[in-house]
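# Understanding the architecture of this molecule
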Amino acid sequence: MGTVFSFDVRMDGDADRERVRAGLAAAVAGLHHVDEVFSPYRPDSQVSRLAAGELALADCEPDVAEVFRHCAAEERLSEGWFTPRYAGGLDPTGLVKGWAVQRAVEMIASSGAAAVCVNGGGDVQLHGGPWRVGVSDPLHPGGLAAVVEAHDALAVATSGPAERGCHIVDPRSGESPAGSLASLTVVSRGLTQADARATAGYAMGPEARAWLERLDGTEGFAVAADGTTWQTSGFARHLARRGDGADRAA
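Structure report, in brief.

Parameters and conventions
Residues numbered from 1 in each chain as written. Predicted model: local features only at pLDDT ≥ 70, side-chain atom pairs only at ≥ 80, totals over all residues. Heavy atoms only, no water. Helix = DSSP H or I, 4+ residues; strand = E, 2+ residues; numbered from the N terminus. Rg over C-alpha atoms; globule rule 2.2 N^0.38 Å. Buried < 20%, exposed > 50% of the residue type's maximum accessible area, 1.4 Å probe, protein only. Contact = heavy atoms within 4.5 Å. Areas by Shrake-Rupley, 256 points an atom, 1.4 Å probe, with all protein chains shown as cover. Lys, Arg positive; Asp, Glu negative; His and termini not counted. Charge placed at Lys NZ, Arg CZ, Asp CG, Glu CD. Expected span 1.5 Å × (residues − 1). Salt bridge = Lys/Arg side-chain N within 4 Å of Asp/Glu carboxyl O.

## Some words on the overall build of the protein chain
Along its length, the protein chain carries six helices and 12 strands. For the protein chain, whose C-alpha radius of gyration is 18 Å, the value lies close to the compact-globule estimate of 18 Å for 250 residues. Projected onto its principal axes, the C-alpha positions of the protein chain cover 50 × 50 × 30 Å. Per-residue burial over the protein chain gives 47% buried out of 250 residues. Within the protein chain, contacts between residues separated by at least 24 positions form 61% of all contacts whose residues are at least 6 apart in sequence. When the accessible surface of the protein chain is summed, it comes to about 12,000 Å², and 49% of that surface belongs to carbon and sulfur atoms. For the protein chain, the separation between the mean place of its 22 positive charges and that of its 33 negative charges on side chains is 3 Å.

Here is the structure:
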């Protein structure tokens, strides 16, 4: 998927280590397969062939229909700020990485792992805990803007231009988002939703805060271009206490 993935797996004393290793291997293989099926940069991927009219959705793997169902739900929820369609093409990459990482964590957890952290290009899905996830400061490379703490299933996704330049566009204008956000981090239970909502919220710019406040089970934290920050009303409950270090930085 054009980015780096990392895995942190913890096992308790009763875990079947070989079963957990097999679950990890299956999760890694699954991520490679997702890239083969969904990459818009591979002309032979099912998504590329679907976009070109060479393949019908009914003829694709069931996962393709599942991902586009998630995309449709997030498109409705965001009133079009998130969309898998742009300039006449199909591109679900704003959601599929989060979906794939969440599924990988579920596979490893079901193999008996006590706690799992999978980081896909800075977007993190957690199972078990405790975990602390550092939110990178987009204005000060190497620094942290916040630290999120988790003791159960939690996802942390960040959108913005700091790492890869501006790769998000306003779907209504086709231009870079007009807002003044340097980054937007979204926290929810699953990375499928957090990934898409971070993308949509960053595209919204100033409207993102009010939109996120209306969503159940979703919180946000933003760094503006001038260095100021804002957060939704429930984000504070996910913050680690000051003075605690970050076990895992994303």
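## Side note on helix H5 (residues 191–204)
In this model, H5 (14 residues) spans 19 Å end to end at C-alpha, consistent with the 20 Å of a helix rising 1.5 Å per residue. Taken across its 14 residues, H5 has 13 buried, putting it largely inside the fold. Once H5 finishes, Gly205 follows within two positions and takes phi at roughly 70°, a positive value.

## Overview of the pattern of salt bridges
Applying the stated criterion to the full structure yields eight salt bridges. One salt bridge in this structure joins Glu149 and Arg132, with 3.2 Å as the shortest N-O distance. You can see Glu149 sitting in strand S7 (residues 144–150) and its partner Arg132 sitting in strand S6 (residues 131–136), a full 17 residues away along the chain. In this pair, the class of Glu149 matches that of Arg132, namely buried.

This is a description of form; function is not addressed.
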